[in-house]
Amino acid sequence: MIDEIVEAIRRAETELSEDTVQALKRAYEKETNEMARTQLKAIIENFTVAKKGSLPMCQDTGLQTFFIDMGYDFPYRAELKNAITEAVRKATKEIPLRPNAVHPFLHKNSGDNTGRFVPYIHWELREGDDAIIHVIPKGGGSENMSGLYMLPPGVGIKGIKKTVIEHIFKSGGKPCPPTIIGVGIGGGADLALTLAKKAAILRPIGSRHEEEFVAQLEDELYEMANKLGIGPMGLGGDTTVLDVHVEYAHRHPATLPLGIVTQCWANRKRKVLIDANGKVEVI
Ligand code: SF4
């Protein structure tokens, strides 16, 4: 299991996910701003060279992050946490990855991407006997452009749209656009951000929410964001976001949490599937 997780980290770091590759190529074809086309061309060359040489596509190889979707009857659940931690240590040496786990008070880098509560593992349980490990190394620059807004419920959908667009505007070129924006609405503060992160990274670019109203909101936010003119790497152009994904939860009557998670163009993600017989597959 450890070797397959290492392989998934390697592929996530060195081969850009196919939905992102296609979205960036489409953006390059459509872009009307010359400077933006130059930036998109450089990004496309960058991920092409990275894949060819099996090299990380960015110097920031991210905070090693894993979302686990696991059946109640998955027989290897006790081994998963240690396997992931061991895989992160191995991947750091072998790929190699930049050591990105720093003690927040002592400023000491652990050197192997592990430490207190990291790698970060988010667990979700469901029916079944298999498990899916989503491997999503998350860049620091785009993570810095996350936001939580505890809105007064009275602002409604209009206030949500305004806050999202203002947030993207204020982020400017800092999260390395074109970005994928995840928007989480409702629940509590933590749930809104978790929903936003899942929406930003786990959903394929171009997919739409199953509920028509939310899908329309995604379209509208996507159009509005791309009218801001921020453009690739913040140097102007038509392509500020590759997509906007929205997810929601029911909320407390007195609260309207809005979580926004920004994912950069280096949209690293792979999945490891493990079945009940121990068969492991990286996809
Ligand atoms: S935000 Fe993304 S593309 Fe920019 S430096 Fe960080 S990982 Fe790299």
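Computed from a predicted structure; not experimentally measured.

With that settled, the discussion passes to the side chain of T194. In this structure, T194 sits in helix α7 (residues 189-202). T194 has contacts with F67 and H122, leaving out every residue within four places of it along the chain.

Examined at the domain level, the protein chain breaks down into domain 1 (2-8 + 57-139 + 268-282) and domain 2 (141-263). One C-alpha centre belongs to domain 1, the other to domain 2, and the line joining them spans 25 Å. Counting from both sides, the interface comprises 10 residues of domain 1 and, opposite them, 13 residues of domain 2. Summing the contributions of domain 1 and of domain 2, the shared interface buries around 930 Å²; its carbon and sulfur component is 58%. For domain 1, the biggest contributors to the area lost against domain 2 are F67, K138 and K269; these three give 52% of the whole. Here domain 1 is connected to domain 2 by two salt bridges. When the shortest N-O distance is used, the salt bridge between K138 and E143 registers 2.9 Å.

So, on to α7. The end-to-end C-alpha distance of α7, which contains 14 residues, comes to 20 Å, matching closely the 20 Å that a straight helix rising 1.5 Å per residue would cover. For α7, the complete set of buried residues consists of A192, T194, L195, A196, K197, A199, A200 and I201. Those residues of α7 hidden inside the fold are in contact with β1 (65-71), β2 (120-126), α5 (140-143), β5 (179-187), β6 (241-251) and β7 (256-263).

This part takes up the sheet that holds β2. The strand order β2-β1-β3-β8-β9 describes an open sheet built from five strands, whose pairing is mixed. With one partner strand each, in any of the chains shown, β2 and β9 (280-282) form the two edges of the open sheet. Going across the sheet, the axis of each strand differs from the next one's by a mean of 15°, ignoring polarity. Relative to strand β3 (residues 131-135), β1 runs antiparallel, the two being bridged by five bridges. Looking at the pairing, F67 lines up with H134 of β3.

Rules of the game
- Residues numbered from 1 in each chain as written.
- Predicted model: local features only at pLDDT ≥ 70, side-chain atom pairs only at ≥ 80, totals over all residues.
- Heavy atoms only, no water.
- Helix = DSSP H or I, 4+ residues; strand = E, 2+ residues; numbered from the N terminus.
- Contact = heavy atoms within 4.5 Å.
- Domains from an automatic or database assignment.
- Buried area = accessible area lost by both parts, 1.4 Å probe.
- Salt bridge = Lys/Arg side-chain N within 4 Å of Asp/Glu carboxyl O.
- Expected span 1.5 Å × (residues − 1).
- Buried < 20%, exposed > 50% of the residue type's maximum accessible area, 1.4 Å probe, protein only.
- Pairing = 2+ DSSP bridges.
- Axes fitted to C-alpha atoms, helices over the stretch in contact; angles between N-to-C directions.

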